Every structure is written in C-alpha cells, then in structure tokens.
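For reference, the chains in residue letters:
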Amino acid sequence: MRFKTELRNIRTFSKLVAALNTLEKIAWVRLDDDTVRFTVIPDTGSQVWASLSVDTIFDSYHIQSNEANNTINLELPLGPLQRALKSALNSNHASLRLTKRDGIPMLSMTIHTMTKDAPSAARRNKNNSNNNNNNDDQMGSYNDDNDPFSENSLYQQESLELTMKREREKVITQDIPVRVLHPDTVETIMQPKVREPDVHIMFPPLLQVKAISDRFTKLAITTAASSSSSSRREAQNPKLELSATMHGSLRLRLIADTLDITSVWDSCLENPELDPAVLPVPIEEHPSTKYREAGPDKWATVRVDGKDWSRVLSVGRLEASRVIACFTHEHALILYVYVRRADDDYPGVGAGRGGDDGDDVVTYYVSSINT
Amino acid sequence: MVILNFTLSEEGVSVFHDALACMYKFSDDVCLEARRDKLTLTTLNISKSAYVCFTFAANRFFSRYHFEGNAQYRDRFFCQLYIRSLLSIFRSRQGGDSARDKDASIERCDVAIDDGPGKKSRLIARISCRNGITASHSLPFESKPPTHAKFEKDEAGNRWSISSSTLRQLMDHFGPGIELLDINTDDDDHVVNFTCFTDKVQKRGPHGNEAVLKKPLHTNISVEMAEFNEVEVQDKLHIIISVKDFRAILQHAQIISGELATYYSEPGRPMKLSYSADGILCEFILMTVGEQDAITQKHKNTRARASKTPKPGSGPGPGPASKPDGSVANNEAKDVPKPAQKPPQQKTPPQPRQTQFEIRPPPIPPRSPVAARTDRSDSPLFVEQGDEDRQWDPVDREDEEEMDNARVEWNATGEPVLLRHFPLVARKKMANIHSRTRRPCELAVYWQDRLCPVMSQTDLLGDSSQPSSFLRHVSCCLLCLFFC
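Analysis parameters
Residues numbered from 1 in each chain as written. Chains lettered and ligands numbered in written order. Predicted model: local features only at pLDDT ≥ 70, side-chain atom pairs only at ≥ 80, totals over all residues. Heavy atoms only, no water. Helix = DSSP H or I, 4+ residues; strand = E, 2+ residues; numbered from the N terminus. Buried < 20%, exposed > 50% of the residue type's maximum accessible area, 1.4 Å probe, protein only. Contact = heavy atoms within 4.5 Å. Areas by Shrake-Rupley, 256 points an atom, 1.4 Å probe, with all protein chains shown as cover. Pairing = 2+ DSSP bridges. Axes fitted to C-alpha atoms, helices over the stretch in contact; angles between N-to-C directions. Parallel < 35°, antiparallel > 145°, perpendicular 65-115°, else oblique. Left-handed = near helix turned anticlockwise from the far one by under 90°. Core = buried A, V, L, I, M, F, W, Y, C linked by side-chain atoms within 4.5 Å. Phe/Tyr/Trp six-rings, centres within 6.5 Å; stacked < 30°, edge-to-face > 60°. Lys NZ or Arg CZ within 6 Å of the ring centre and 35° of its normal. Polar contact = N/O pair within 3.5 Å; in protein donor to acceptor, adjacent residues only side chain to side chain.

## Quick word on the overall build of chain A
From N to C terminus, chain A includes 9 helices and 18 strands. Counting only residues that meet the buried cut, chain A has 51% of its 371 residues in that class. A separation threshold of at least 6 residues defines the contact pool for chain A, and within that pool the share at least 24 residues apart is 70%. Per element, the accessible surface of chain A, about 17900 Å² overall, is 48% carbon and sulfur.

## Considering the sheet that holds strand β3 (residues 35-40) of chain A
Residue and element names in this part refer to chain A. The sheet built from 9 strands is open, its strands ordered β10-β6-β2-β3-β4-β18-β17-β16-β11 with antiparallel pairing. Each end of this open sheet is capped by a strand with a single partner; those strands are β10 (179-181) and β11 (199-202). On average, each strand axis in the sheet is inclined to that of its neighbour by 20°, with strand direction left out of account. Against the sheet, helix α3 (residues 78-88) makes contact with β2 (26-31), β3 and β6 (72-77), and its axis sits at roughly 85° relative to β6, the strand it touches most.

## Re the sheet that holds strand β8 (residues 122-129) of chain B
Residue and element names in this part refer to chain B. Strand order across the open sheet formed by 5 strands is β5-β1-β7-β8-β9, with antiparallel pairing between neighbours. Of all the strands in the sheet, just β5 (64-67) and β9 (134-140) have a single pairing partner and so form its edges. Each adjacent strand pair in this sheet contributes to an overall mean axis angle of 15°, direction not counted. In this structure, β8 lies alongside β9, joined through 7 bridges in antiparallel fashion. Bridging from a neighbouring strand, S128 pairs with T134 of β9. Together, β1 (2-9) and β7 (106-114) form the strand contacts of helix α1 (residues 10-24), whose direction differs from that of β1 by roughly 105°.

## Some words on the packing of α1(B) against helix α3 (residues 83-90) of chain B
All names here are of chain B. Packing of α1 against α3 leaves a shortest axis separation of 9 Å and a crossing angle of 150°. The angle between α1 and α3 falls in the class roughly antiparallel. The two elements α1 and α3 cross, and the hand of that crossing is left-handed. Side by side, α1 and α3 meet where V13, F16, H17, L20, A21, M23 and Y24 of the first sit next to I83, R84, L86, L87 and F90 of the second.

## Details of the nonpolar core
W309(A), F327(A) and W160(B) are the most contacted members of the largest nonpolar core, which totals 159 residues. For W309(A), the residues in contact, after removing those within four places along its chain, are F203(A), V209(A), S213(A), L240(A), L242(A), V304(A), L333(A), L335(A) and V366(A). If you look at the next biggest cluster of nonpolar residues, it comprises 14 residues, including W28(A), W49(A), M202(A) and A332(A).

## Examining the pairing of strand β2 (residues 29-34) of chain B
All names here are of chain B. Burial analysis of β2 places 5 of its 6 residues in the buried class, which makes it a mostly covered element. As judged from the 6 bridges shared by β2 and strand β6 (residues 77-82), these two strands associate in the antiparallel manner. Across the sheet, C31 pairs through a bridge with Q80, a residue of β6. The antiparallel pairing of β2 with strand β3 (residues 38-44) creates a hairpin that spans 3 residues between the two strands.

## A look at the packing of aromatic side chains
Per the stated rule, a full pass over the model turns up 25 aromatic pairs over all chains. Geometrically, the ring pair formed by F13(A) and F58(A) is edge-to-face, given 6.0 Å between the ring centres and 85° between the ring planes. Note that F13(A) is positioned in helix α1 (residues 10-21) and F58(A) in strand β5 (residues 58-64), a separation of 45 residues in sequence. Site record: aromatic cluster; members linked through ring pairs are F6(B), F16(B), F56(B), F61(B), F62(B), Y65(B) and F90(B). In this structure, K298(A) packs its charged tip against the face of Y291(A), placed 5.0 Å from the ring centre. In this arrangement the basic side chain of K153(B) is found over the ring face of Y263(B), its NZ or CZ atom lying 4.4 Å from the centre.

## Describing the environment of T99(A)
Residue and element names in this part refer to chain A. Topologically, T99 is positioned in strand β7 (residues 93-101). When the C-alpha positions of T99 and M1 are compared, they lie 9.5 Å apart, and in sequence the two are 98 residues distant. The contacts of T99, once residues within four sequence positions are left out, are I104, P105, M106 and S108.

## Describing unusual backbone geometry
One non-glycine residue, S267(A), lies in positive phi territory at about 50°. The partly exposed category is assigned to S267(A), whose relative accessible area is 48%. Notably, H190(B) is not glycine yet its phi reads approximately 55°, a positive angle. Residue placement: H190(B) occurs in the loop between β12 (180-186) and β13 (191-197).

## Considerations on the side chain of H200(A)
Residue and element names in this part refer to chain A. Residue placement: H200 occurs in strand β11. Judged by relative accessible area, H200 falls into the buried class, the value being 1%. In this structure the side chain of H200 is engaged in a polar contact, spanning 3.0 Å, whose partner is the backbone oxygen of P272.

## Description of the pairing of strand β12 (residues 239-244) of chain A
All names here are of chain A. The buried fraction of β12 is high, at 5 of 6 residues. Here 6 bridges tie β12 to strand β15 (residues 300-305), and the two strands are oriented antiparallel to one another. Within the sheet, the bridge partner assigned to S243 lies in β15 and is T301. Two strands pair when backbone bridges link them, and β12 and strand β13 (residues 250-255) are joined in this way by 5 bridges, in the antiparallel orientation. Among the inter-strand pairings, E241 is bridged to a residue of β13, identified as R253. Once β12 ends, the chain turns through 5 residues before running back antiparallel as β13, passing G248 with a positive phi of about 75°.

In structure tokens form, the structure reads like this:
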C-alpha cells in the first residue's frame, strides 16, 4: 500500500478541511486512482460527502494498493490535518505520504518553507552599521553616560558577521495519525438515499444565507432564554424552516414561541435545468416538474437545526463557484457545493450528483426534523 | 532610608514590563536583587524545573540608578514581590487619541525602595505620564533572599545559537496539545531537529485504535546547521525540554534580541538559554528530561523506569563506599514499585521533569575555621551518610552571606524516582534552620539531630557520594558566591 503526492491548492484543501472539521473531528478519506473523497458522518447532524478529482489538490500523485482502482481507505483526525495544512500554507512546496512510525500508520506531510526575514535582525544590521550613533537600538537608548563602548564584561557586543546569515529552507514534517480501514468496514457506509428532489434551486451567496440564519438562531436562543423554562430545551436547538419554489424563491423562517420571522429571496434565484440523460425518470414525471407547474406558491419545506445548519454553512469559506440546493419536501435538503479551482474556473455540468463526472463537489445531506 | 532609587525611560518601562510578563509565565513572584552595578530579577517556577534571571546593567539600562546599602543590606538589597502587581504598574499606557488628547503614554518611571529600621518597607513606583499625570504606587514586599540556580558552563559542551525570530516563527508550526520538545542533531544531514511530541494519550487498550487518532500532531522541524550562528553539539544527542517554557522564552527573546544561545550537557542535566541586548541579559536554566524519562516516554511504559540500571560513564559513578547504599536504593526502586509513587507517575506522565533542583541547606558559619577544615578533610561527608551522625560541613567563613541565601543546585543524576519529594523536605527543614541559626549554641545539636537524615537522603539520591564530586560542589559553591 503506497500513497505519495505533492500538494497543490493548499488553501482550498485547507478550507475544505476546516469546513469539514466544524461538523466532526474524524473523517473517512477514500483515495483511489482518480478521486479523493472525504466523508464526515457525525452522530447527529448533517453528513458531508466531498469528492474532489485528484488533480484539484494533488500533484505527482502515486497510489497503489491491492484493491480495485488502487483504493486506500483511511480514517484521519481533521484537526491535526488542518493544523498541518496551516503550516504548509505559505510553503515552497509540500508533499504528503502514507508511512509508519513506531508501527503506527501516519500521514506524513513534508513541508519546505522559509521563515520571514526577521525585522529585528534587519534592525540589528542597521544598528551595527551605524553603531557610532548609539541609537535606534530596538531596546531604545538607555545609555545615560553616552558611552556605547563602555567595557562591560556582562554584555558583550555582538560581532557583525552574526547578522549576515543567509536564510535557508527549513523542512517541517507533520505526522498525522491515521487508521487504515479495511475495505469491508467501509463497504457498509453508503451515501444516504434520497428520492428525487421536489425543488432544486441555485443558492444565494452563502455569506448572506449564513448571516441571516445565524441571526435567526441567536434571536431564538436569546428570546427563549428570557421566556419560560418549558421552552428552554427547545431553545437550545432552535429550528429554522427553509423553503424553496421552482420559481426562484427561497424562504428562511424562524418560528419560536414569541417570534415569527421570515426572510425571502423573492423570485430572484435560478432553478437550473436538469439533464434528462441522468434522470431515473422522464423529465415530465420528475417531481420538480410538478412543483413548477403548481406555481410560485408551491413550497418545498425542510426544518433544520439552527446550529447544525450554521456549521453546514461554514462551507462558505471555500468560495464555491456555485451552490445548488435540492429540497425534498418534509424530508431532506441536499446542498451541492461546487469547489472553485484556483487555477482554472471549472465549468459545472448541470446539477449532477456526487463527483462522478469529475466535478469537485462537496455534498451536504441535511435531514429535515419532523415535528 | 532609601536604599535603591532608579529611573526608567519610556522604553525602559516597556522592557521591564516584557521581562516581568515573561517571568509571570513561570512563576507568580519575582525576587529583586539590587547591587551597585546591576539590578537582577530572578524567579524559580513552582516545580523548580525552570529558573529565570534577568540582569539589568545599572549604567546602561537605567536613566538613573543609585544604590546605597545600609547596615542590613551592605552590598546588595533583595526582596520578593508579586509579579502581577508589578505588571499592572508597568503596563504600557496607550496615548489614546493622540490628536485630541494629550499623550497619556509614560514619560518616565521613578522607582524607590525604602527600607530600614523603623521604616515601612515599601517599593514606590512613580509613573509620570506625558499629559502631566503622575501616578504613585506603593507596594509592600517580602524580604526574602533570592534563590539562584547553578549552572556549570564548563560541563555544558553542547551549544548552539540562532536568530530567535527564526526559531520563534518555527515554533508556530507546532500544533496544540504537545508538551515536549526534543532537540537533536544529525551530523550526516547537517541538520538540527526540533521535534515536538506528547505522550498524553498512551493507553492502548482494546480500543486503542481510537486513541491513536486522538494523538496530536507529531511535528519535526529540521533546520540546516548553516542556519545557526554556532553549532557545537554531540551527534545524535537528544535533549528534551518543556515546550511551554521554550515558547515563553522565545516569545520574549524575539522582542529583545536577535540571537538566542543555548548550552547543555546531557539529558537530565540543566540547559541554559540566554540572550542579551543593550543593558539587559536574560538567562534561563531549564531542567531537561532525564534519559530514563526519555526512554520511558518513548516506550510508553511507565514501568520501565523501575528497571533502569545506573548509567555508566555519566559523571562520576557511585564511589565504592557508597555502593551498598546505592544498590539498596536501586533495589528498592526495582523490587518495590512504590504504590504511593506510581499513581502520580501515571497521572502525570507528560510532566517532563520532576523536581530536579536539590536545595542544600545554607551553610553555617563554623565556630572555628580549623574545625571546619578538619571536618572536611576527614569527612567522606557525602560518602558514608548512611550513619546519621555526620554533621553537615560548613563551607567557609566568607559564606556568612549565604546564610540568607538558599542556594539551589541541580541534582547530579536527575533520577526522578527517588528525588520526588525530597526537596520539599529539605526546604521545610531549611526554614526551621533559618529561624534557629541565630543562636549558635543550639546549632550543633540541631544539625546533628535534624539535618543529617536529610543529608543522608541526599547521599542516596545524588551521586555526590564521591569526595571528588563533593569537592567540586564546594568549589562550585565558591564560584557561585563569587558570581553572586
């Protein structure tokens, strides 16, 4: 079993990991010849299935195993991975490989980096060059007797050559503990099955959605905190109601004991066309067609946990090229977040499912809370 | 009577504050020691594994500095203060809206220490701000002699120095949850490695696999030797210190100066880090994790410690006379894994260093120097401590000052198992001694009865059993005195 690669688009990789890390600490990573898949399945809350084509984040990629497609399944902690990627952010180059240390498998990230030229060193250079002036020391001038060369055995003057060190590359190795999973153990993990969506809609910028959602959630918590205790438990997990139509409207609503607030994007969003070729049913029979025909007042609605939804929306940091939400009425919301590639803006292909067509997509499965 | 009087400039105040802030990461209180030519701030952390010393040169650091001894403090004045209260005094005041308001920043700070018979002992700091406001603070202090850690530079053959800012930036790559820093060299690759790790999660039960994922990042940073200003380190030598201390030091070092120098000998022996700038010298003495500790931690087996064998060739081996004692001690450690000691070990495996300082009771002025000399010459003092009648040897007449000066020394072997609660005992006794030393007649009896058990413990613990090492110790004491 071998895995070795150079890293590229570290910023994107790092943001993805950060977004996943908000939902769960440990991820299942599946590597094969073509794709990298990160899966996060928290005990409670939304699942994420992120699928990236290998060359989005990797370069000079080598993988080898006994499984089909050279698949390797790993379980890894996201916190350390995020931390390691942070080290790699401004590096000259970084690579990742699967190795073993003390018998424990490790994902070892090797980072070649430089330290920034120290400002104090620069200042010191200056000092040494105009030492005669006896000032501008970073410590300030403390000499009252105005004798910078007074003999003092305790404090030796530094010699000039010390300050002229050439900056060299440092090699940082970050070892992330991992578990190698047997194919049998991951066989049973499946993407959730959801029936064809009733409404699919292009989401407004996630920052907007997150700002409003978070505001609603906080409102619910604060208002409930001052009201009766019976609703307190409820208040700890405020629920948001998300609805959308096939006529370009999205609605965000909070209903609490004393509150009912709604925010609507009114008919200003796009409902992308479906590609009939990939649909399991003829386009005429597809539920979305029925919703479209039912007019702009036919809403598909899901209820989500406010805090969990906020964690889901933290994917916004990825600067997605677009986000498509699929509403299945009273059942689930699926969020497809298309990852923008740093080097070339990858054109999306319809509202495809998963990353089978080579798209880099992060898929969130948010199930609706039934009351 | 004003004993000490000095003035700090604006920059001086901030440097003073930085120094205190750094010390505050190690301890709650600081010892101030003033002499004619310098002001020294020292502190020792609570586990006595780290010692911090900042020296400010009287003529270079201060705008004005005046020390005048009195009868009690002839050559030096010392006191102990809370760092927190000092920090709040010397904290920098921002100018606020410099356009609207007159500058509220500090112009200068006058500090005076008033002490003497019939006087209130106070440290008075008067802060003069640019906007004309003067704030006076009066702090009580405790008259307590400073504790100095000893470091034998001759012994420390390994040294390196590097730009502190480079090192500080490298530290940023270490993730959270790590505790130990292993500094080692590889001559083949011409690199110095800084490796951070922890052994906090080390229980590998049936579900140990889960725990594996909870381990923090294991980070290694290789820095080419050419990057260093000086490297002279034994190949493949691993020296392990606490990351927390190292971080605290670097944080301050980066503010102060461009170069950080370190000196150390071998695992289990102290390491010294120092850097200096105009008028200020910063020194840190850290205890390094002993080899046994390191092995234990590497193998993640706390029991391994019990079966250790005396390390050959490291320092003076146990003398023939002390061998029985030594072996007893070892056997004890081997056969009886003391239950009282085990739990703390398991609870705090990442605790890098047990208390490694060995506090020697302050020497006493001998009744006659001759007696002292005979005592020393015929005493295999540290050899046959088994019998408890041995009297602790007074060092020298000149050591009188040392009466007030509890000297602290690193334990010679750094064996953690036996040393665990010794220093505390020693300290208590010492306190007793302090209260009694004023009456010489009581002294002899007292020393014989009380002190010798302590000394015998010292014997078992350290390898000071050798006369040679004892002599070395004496000479070190003298050196220390000289330095003080």
